[in-house]
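# Working through the structure, step by step
Here is how the chains run, residue by residue.
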Amino acid sequence: MKVFITGGSGYIGRVTIAALRRRGVRVAALARGERSASVVAELGARPVRGALGDLEVLREAAAEADGVIHLGADYAGDTARVDLAAAEALLDGAGGRPYVHTGGVWVYGDTDGVVGEEAPLRPPAITAWRLENERRVLARARCGGRPVVVMPGLVYGRGGGLTQGFFVEPGLAAGAVPCIGDGANHWALVHVDDVAELYVLALGAPAGAVYAGVSGQNVPLAEVTRALSRGAGLGGRTESIGLARAVERMGPIAEAFALDQRMTGARARRELGWRPTRVDALAELSGPRDPVAR
């Protein structure tokens with residue numbers, strides 16, 4: 001089997017390439033520059049030179065593959081437009097072969113208890129654009145395509161993820177990791193190794209399927225930030241800041257970090273046989289970090 005992947009040099013992408021290669025899958029990966037090309041080549045993937053805006057490159061690479069995983073994102077410009085154009089080019093190339101699209105559980109907003117994929121959609125502003133893009137992606141299932149959407153939770157592990165740039169690094173500078181409000185809100189967590197396995201399994205999912213990439217760890221933010229503080233050598237020290245102050249420091253993404261989300265990944269377990277194995281987030285965030293796949 002041969003898979004084409006976008007975002008292969010990124011945090012989740014590197015681990016996903018490694019998961020594919022362990023199965024003997026040949027991987028071609030989009031690479032915008034020399035650094036990206038070097039990273040994916042070291043992982044055993046063949047670099048395909050181009051960016052998300054190079055639609056003909058995407059279309060041709062997808063047409064040459066047995067399956068496509070779209071992990072790439074462009075946050076420098078019109079994210080929604082770039083993502084949709086890239087997805088449609090990849091879907092055109094993939095035809096009736098598997099295409100796995102990246103979403104995110106933030107589109108569910110605050111949840112009422114533990115919920116699955118059927119829950120109401122009420123995204124914060126920063127991620128509201130995903131709804132229309134995913135609707136159009138999934139619509140391809142009605143005309144012979146095989147689109148699948150994987151929606152990761154808050155991804156952690158191997159010293160990477162959003163927690164590092166928005167919580168650990170500011171914490172190291174200030175001597176205490178920031179915690180939004182009292183930290184009673186829950187994060188639906190997933191380890192990067194586990195979500196990479198889900199992306200691989202999703203290549204065999206039925207057309208039009210949607211999966212929440214969460215491992216059942218619905219942890220209060222206060223506990224997450226204390227663990228991050230211990231892992232950073234700050235002795236568990238945290239600093240409570242209000243949402244308005246968090247938005248000033250972090251930007252609009254702070255509204256997503258403040259969501260209270262408890263979610264289940266039962267559908268992926270049931271339908272795909274997904275079995276997350278890294279399910280003690282607090283212990284991992286508090287301790288020494290595994291390296292990201294290289």
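Below: a short report on this structure. Starting from 1, residues in each chain are numbered consecutively following that chain's sequence as written. Selection of residues for local features in this predicted model requires a pLDDT of at least 70, selection of side-chain atom pairs for listing and counting requires 80 or more, and totals for whole chains, interfaces and linings are taken over all residues. Derived side-chain values reflect all non-hydrogen atoms in the structure, with water molecules and hydrogen atoms excluded from consideration.

### A word on the layout of surface pockets
As a volume, the largest pocket reaches approximately 1300 Å³. In this analysis, the protein atoms alone were mapped onto a 1 Å grid. Cavities are point sets where a 1.4 Å probe fits without being able to get out; pockets are open sets with protein on both sides within 12 Å along at least five of seven lines; lining residues have an atom within 4 Å of a point. Along its surface, the largest pocket is lined by 39 residues, and Leu71, Gly72, Ala73, Tyr75 and Arg130 are the ones closest to its centre. The numbering of helices and of strands both runs from the N terminus, where a helix is a DSSP run of H or I of at least 4 residues and a strand a run of E of at least 2. Counting only elements with at least two residues in the lining of the largest pocket, the list comes to α1 (11-22), β2 (26-31) and β8 (154-156). Here the element with the most residues in the lining of the largest pocket is α1; it accounts for three residues. Looking at side-chain class alone, the lining of the largest pocket contains 18 nonpolar, 17 polar and four charged residues. Grid points are joined across faces, edges and corners, and a volume is the space filled by probe spheres set on the points. Asp, Glu, Lys and Arg are counted as charged, while Ala, Val, Leu, Ile, Met, Phe, Trp, Tyr, Cys and Pro are counted as nonpolar; the rest, among them Gly, fall into the polar class.

### Quick word on the packing of aromatic side chains
When two rings of Phe, Tyr or Trp (its six-membered ring) have centres within 6.5 Å they constitute a pair, described as stacked for plane angles under 30 degrees, edge-to-face for angles over 60, and tilted for the intermediate range. For the coordinates displayed, the defined rule picks out five aromatic pairs. When the centroid spacing of 5.5 Å and the interplanar angle of 75 degrees are considered together, the rings of Phe167 and Trp187 count as edge-to-face. Here Trp187 lies in strand β10 (residues 186-191) and Phe167 lies in helix α6 (residues 162-174), a separation of 20 residues in the sequence. Partly exposed describes any residue whose relative accessible area lies between the buried limit of under 20% and the exposed limit of over 50%, with all areas from a 1.4 Å probe on protein chains only and scaled to the type maximum. A relative accessible area of 4% places Trp187 in the buried class. Between Phe167 and Phe257 the ring centres are 5.0 Å apart and the planes differ by 75 degrees, which places this aromatic pair in the edge-to-face class. Residue Phe167 is located in helix α6, and its partner Phe257 is located in helix α10 (residues 253-257); the two are separated by 90 residues in the primary sequence.

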